[in-house]
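Analysis of the macromolecular model
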Amino acid sequence: MIIQRLAELSGTDREVQADNWTSRRLLLKKDGMGFSLHDTVIRAGTSTCIHYQHHLEAVYCIQGRGTVYVPATDTTYQIEAGTVYALNGHENHILSAEVEMRMICVFNPPLVGPEVHDEHGIYPLIVEE
Ligand code: 9YT
């Protein structure tokens, strides 16, 4: 069994900072679960272009409020505590936080650990030898 505590991840390599968010990576590929599990804080007032071409992601908002905009369908979804959005079609999207948001995120395939978005909002698919 794996026991992981958010309070113990601060300052470790499982805490990944980007301009608009901080991702606390509770479970990673090396933990062998077949998915990764993150507790992510999205900074208030930010908008982030995201396009996970290699991963499926489900996102459960547990605090805060914002929107997800999908350009392909010109659709905006309101996101608040208790809302899940699941990118089952690798949708290109823009996540905007009206206030600070806290998200529980699950990735399949699991992230390896250090991934941050490239200039196209993509996480690389890291294949370990
Ligand atoms: C909600 C979202 O996709 N934010 C970007 C960070 C990502 N969820 C992560 O790596 O935790």
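Our structure is the block above this text.
Residues numbered from 1 in each chain as written. Predicted model: local features only at pLDDT ≥ 70, side-chain atom pairs only at ≥ 80, totals over all residues. Heavy atoms only, no water.

1. Thoughts on the overall build of the protein
Heads up, the rule is: In DSSP terms, a helix is any run of H or I states spanning at least four residues, a strand is any run of E spanning at least two, and both are numbered starting from the N terminus. Only protein chains enter the accessibility calculation, which uses a 1.4 Å probe; a residue is then buried when its area is under 20% of its type maximum, exposed when over 50%, and partly exposed in between. By the convention used here, residues are in contact when the closest approach between their heavy atoms is within 4.5 Å. Note on areas: Shrake-Rupley, 1.4 Å probe, and residue coverage restricted to the protein chains presented here. Residues scored as charged are limited to Lys and Arg (positive) and Asp and Glu (negative), so that His and the chain ends carry no count. All charge positions are set by atom: Lys at NZ, Arg at CZ, Asp at CG, Glu at CD.
Within the protein, the regular secondary structure consists of zero helices and ten strands. Secondary structure elements in the protein, listed N-terminal to C-terminal, are β-β-β-β-β-β-β-β-β-β. Per-residue burial over the protein gives 40% buried out of 129 residues. For the protein, long-range pairs separated by at least 24 residues make up 62% of all intrachain contacts whose partners lie at least 6 apart in sequence. Surface accessibility of the protein: about 7100 Å² in total, with carbon and sulfur atoms responsible for 53%. In the protein, the 9 positive side-chain charges and the 17 negative ones have mean positions that sit 8 Å from each other.

2. Comments concerning the pairing of strand β7 (residues 75-80)
Defined as follows: Strands are labelled as partners when DSSP assigns at least two bridges between them.
Here strand β6 (residues 65-70) pairs with β7 via six bridges, running antiparallel. Pairing of Tyr-69 across the sheet is with Thr-76, part of β7. Here β6 folds back onto β7 in antiparallel fashion, the turn holding four residues, of which Asp-74 has a positive phi close to 50 degrees.

3. Re the side chain of Thr-46
Let me state the cut-off plainly: Pairing of N or O atoms within 3.5 Å defines a polar contact, subject to two protein rules: one partner must be a possible hydrogen donor and the other a possible acceptor, and residues neighboring in sequence count only if both atoms are side-chain atoms.
Tracing the backbone through its elements, the reader meets Thr-46 in the loop between β3 (36-42) and β4 (47-50). Within polar-contact distance, the side chain of Thr-46 engages the backbone oxygen of Arg-43 at 2.6 Å. Those residues in contact with Thr-46 that lie beyond four places of it in its chain are Asn-20, Leu-95, Ser-96 and Ala-97.

4. Some details on the site of the ligand
Short version of the rule: When at least one non-hydrogen atom of a residue lies within 4 Å of a molecule or strand, that residue is treated as near it.
Taken together, 15 residues lie near the ligand, and Ser-23, Arg-25, His-38, Thr-40 and Tyr-123 sit nearest. His-38 places a side-chain nitrogen or oxygen 2.9 Å from an oxygen atom of the ligand. Within the contact set of the ligand, a nitrogen atom lies 3.0 Å away from a side-chain nitrogen or oxygen of Glu-57. Summarising the interface, the protein chains cover 100% of the accessible area of the ligand, which totals 310 Å² for the free molecule. Contributions of two or more residues to the shell around the ligand are made by β2 (21-27), β3 and β10 (101-108).

5. What about the sheet that holds strand β9 (residues 93-97)?
To be explicit about the condition: Each axis is a line fitted through C-alpha atoms, and for a helix only the stretch in contact is used; angles between axes span 0 to 180 degrees, taken between their N-to-C directions.
If you walk across this open sheet you meet the four strands as β4-β9-β6-β7, and the pairing is antiparallel. A single partner strand is all that each edge strand has here, and the edge strands are β4 and β7. With direction set aside, neighbouring strand axes in the sheet form an average angle of 20 degrees. Examined bridge by bridge, β6 and β9 share four bridges and lie antiparallel to one another. Residue pairing across strands places Thr-67 opposite Ser-96, the latter belonging to β9.

6. A word on the environment of Gly-34
Locating Gly-34 in the fold gives a position in the loop between β2 and β3. Since its relative accessible area comes to 45%, Gly-34 is described here as partly exposed. Residues within four places of Gly-34 in sequence aside, it is in contact with Asn-108 and Pro-110.

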